[in-house]
Amino acid sequence: MTTEYKEPGPVLDQDNPFESMMQRFDKAAEILQLEKGVYEYLKTPVKQVTVSIPIQMDNGQVELFEGHRVIHNDILGPSKGGIRYAPDVNIDEVKALAAWMTWKCALLSVPFGGAKGGVKCDPTKLTQVELEKITRRYTANMMDVFGDDKDIPAPDMGTNEQTMAWLMDTYSMHMRKTVSGVVTGKPLLIGGSLGRREATGRGVMIVTLGAMEKLGMKPKETTVVVQGFGNVGSISAQLMKMQGCKVVGISDVTGGYFNKRGIDIEKAIDHVSKNKTLGGFDGADKITQSELLELECDVLIPAAKEDQITQKNAGKIKAKIISEGANGPTTAKADPILNDRGIIVIPDILANAGGVTVSYFEWVQDRVGYFWSLDRVNRRLERMMKASFDNVYETAAKHKVSLRIGAYVVAIDRVARTLKIRGIYA
Ligand code: GLU
């Protein structure tokens, strides 16, 4: 065993999500004293595929889109991870998100490797017909990558149950049979799982309550701010409120919303279902995105996107607990600032792992052809989230590191040990 794995090179760019991920990986690798070759293997994606997606738009013109799928690692099993549709999708971001999926699955003991996909497009400016064409052509171009025992996509930012249904149908048409297990996060009618839609938010709630308990915080006396009001943010807000917490701030692309008496989350969800965004929501005062993150509160749940908590605002955050509903919302340079200030950060690979955990349940149900009750899904999710939270908490205490590094240590150790047992084929 040697610890000489550090690479010479330029100072890492904190806002490059892959480098941000690697800085945490390096710390955990040091604790684990990873062998140099294993270090290299675990940091490098096993496969990266980029495809062009020509689409005839509704106006008759042909437009070209770019799509990626990165398989970061498949030692623990078939690779798993969502597909993102967003204007700023790029290969570095997809690589970071794929690596996070590897650590997330390992941390939860879900028998999957990590992957991520993305198409550079603005789903808010595309029609349903155009979105369907993009999804089908992307899937057709990825036929050799996807597979129910190979690589299994799921929803992520900008994609949803309908996107997954088109993907499943396209894949199945090419295979000449229905393959429901090729994708998770599907509608119930075609093999989706009860509880999958709420799973990420439910997982956020479970681990946040776990951290609150450690600090002796009671839900009735706890105020919560949630950044992002998509699937993860809105459900997290709703479930935290149902636990008795007061949600004083929420936000989406239209800005932040603050009400110190507590926001009626059901009303906000209803507003979004009618108007698509929180724009015009009258149950709170309008504030800016940066004001939202710096609000007086006990729990902050960033559930929007990467790089929201940076070295610029980390010193101004007032929450005692940050629970990362999004992937990568805190940059590596913000970590020490938050740690020094005694703020507990429940890292993304733990906090938002409820989604992939119920994706695993969905895949199991599809393969067996027998579907579980909502109660069974939620009970099993809770058991797995709590066990992982305890594992991370104990590992962090043992090595005297943050929960984030504790989580990386647990995850990387599991992948490295599995690699050792499987051995290298050659
Ligand atoms: N996109 C989600 C995530 O980042 C879910 C992935 C999945 O269910 O495969 O965890």
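The text that follows walks through the structure, step by step, so that each part is easy to find.

Reading the values: rules and limits
- Note that residues are indexed from 1 along each chain, following the sequence as it is written.
- Where totals are concerned, whole chains, interfaces and linings use all residues; where local detail is concerned, this predicted model gives features only for residues with pLDDT of at least 70, and gives and counts side-chain atom pairs only at 80 or more.
- The side-chain values count all of the structure's non-hydrogen atoms but skip hydrogen atoms and water molecules.
- Aromatic pairs are defined between Phe, Tyr and Trp rings, using the six-membered ring for Trp, whenever the two ring centres lie within 6.5 Å; interplanar angles under 30 degrees are classed as stacked, those over 60 as edge-to-face, and all others as tilted.
- Strands here mean DSSP runs of E at least two residues long; helices mean DSSP runs of H or I at least four residues long; both are numbered from the N terminus.
- Type-normalised accessible area, obtained with a 1.4 Å probe on protein chains alone, sets the label of each residue: buried when under 20%, exposed when over 50%, and partly exposed for intermediate values.
- A ring is considered to have a charge above it if a Lys NZ or an Arg CZ atom is located within 6 Å of its centre and within 35 degrees of its normal.
- The convention is simple: Lys and Arg are positive, Asp and Glu are negative, and His and the chain ends are not counted.
- A pair is scored as a salt bridge if a Lys or Arg side-chain nitrogen falls within 4 Å of a carboxyl oxygen belonging to Asp or Glu.
- Contacts are assigned to residue pairs that have any heavy atoms within 4.5 Å of one another.
- Here, a strand pair is defined by DSSP locating no fewer than two bridges between the strands.
- Looking down the strands as they point away from the viewer, one classifies a crossover as right-handed if the path from the first strand across the helix to the second runs clockwise.
- Angles run from 0 to 180 degrees between N-to-C directions of axes, and those axes are lines fitted to C-alpha atoms, restricted for helices to the stretch in contact.
- Neighbouring residues are identified by heavy atoms, a residue being near a molecule or strand if any of them is within 4 Å of it.
- In the analysis that follows, any N or O atom pair within 3.5 Å is treated as a polar contact, provided that within protein one partner can donate a hydrogen and the other can accept it, and provided that, for residues neighboring in sequence, both atoms belong to side chains.

Examining the packing of aromatic side chains
Stage number 1. Under the counting rule described, the total for this entry stands at 10 aromatic pairs.
Stage number 2. Taking the centre distance of 5.1 Å and the plane angle of 45 degrees together, the rings of Phe361 and Trp372 count as tilted. Of the two residues, Phe361 is situated in helix 12 (residues 354–368) and Trp372 in the loop between helix 12 and helix 13 (374–399); the sequence distance between them amounts to 11 residues. Neither residue differs from the other here; Phe361 and Trp372 are each classed as buried.
Stage number 3. In this structure an aromatic cluster arises from ring pairing among Phe112, Tyr360, Phe361, Trp363 and Trp372.
Stage number 4. When the ring centre of Tyr393 is taken as reference, the NZ or CZ atom of Lys214 above it lies at 4.3 Å.
Stage number 5. The ring of Trp372 carries the charged tip of Arg380 above its face, separated from the ring centre by 4.6 Å.

Considering the side chain of Lys104
Stage number 1. Topologically, Lys104 is positioned in helix 3 (residues 91–107).
Stage number 2. Salt bridges are absent for the buried Lys104, whose nearest opposite-charge side chain, Asp156, sits at 6.5 Å.
Stage number 3. Setting aside its immediate chain neighbours within four residues, Lys104 contacts Asn327, Ile349, Asn352, Ala353 and Val356.

Some details on the pairing of strand 4 (residues 113–120)
Stage number 1. Most of strand 4 sits out of view: 7 of its 8 residues are buried.
Stage number 2. Bridge analysis of strand 2 (residues 62–73) against strand 4 gives 7 bridges, and the strand direction is antiparallel. By the bridge assignment, Glu66 is partnered in strand 4 with Lys120.
Stage number 3. Where the polypeptide runs from strand 3 (residues 79–86) across helix 3 and back to strand 4, its parallel neighbour, the crossover connection is right-handed.

Description of the pairing of strand 10 (residues 299–302)
Stage number 1. Burial of strand 10 is two-sided: the residues Val299 and Ile301 facing one way and the residues Leu300 and Pro302 facing the other way are all buried.
Stage number 2. In this sheet, strand 10 lies alongside strand 6 (residues 223–227) in parallel orientation, the contact comprising 4 bridges. Bridging across to strand 10, Val224 finds its partner in Val299.

Looking at the sheet that holds strand 4
Whenever strands of a sheet pair, they do so through backbone hydrogen bonds, lying parallel or antiparallel.
Stage number 1. On the basis of which strands lie adjacent, the open sheet formed by 5 strands has the order 1-2-4-3-5 and mixed pairing. Unpaired on one side and paired on the other, strand 1 (47–56) and strand 5 (151–155) mark the two borders of the sheet. Along the sheet, successive strands turn relative to each other by an average axial angle of 25 degrees, direction set aside.
Stage number 2. Across 6 bridges, the pairing between strand 3 and strand 4 is parallel. Looking across to strand 4, one finds that Ser79 is bridged to Gly113.
Stage number 3. Most of the contacts of helix 3 go to strand 4, to which it runs at about 150 degrees, and overall it touches strand 1, strand 2, strand 3 and strand 4.

A closer look at the environment of Pro123
Stage number 1. Relative to the elements of secondary structure, Pro123 occurs in the loop between strand 4 and helix 4 (128–141).
Stage number 2. Those residues in contact with Pro123, other than ones at most four positions away along the chain, are Tyr85, Ala86, Leu131 and Gly158.

Some thoughts on the site of the ligand
Stage number 1. Of all residues adjacent to the ligand, which total 14 residues, the nearest are Lys80, Lys104, Pro155, Asp156 and Ser359.
Stage number 2. Note that an oxygen atom of the ligand is positioned 2.8 Å from one of the side-chain N or O atoms of Lys80.
Stage number 3. Separating a nitrogen atom of the ligand from a backbone N or O atom of Pro155 is a distance of 2.9 Å.
Stage number 4. Elements represented by at least two residues in the shell around the ligand include exactly strand 3, helix 3, strand 5 and helix 12.

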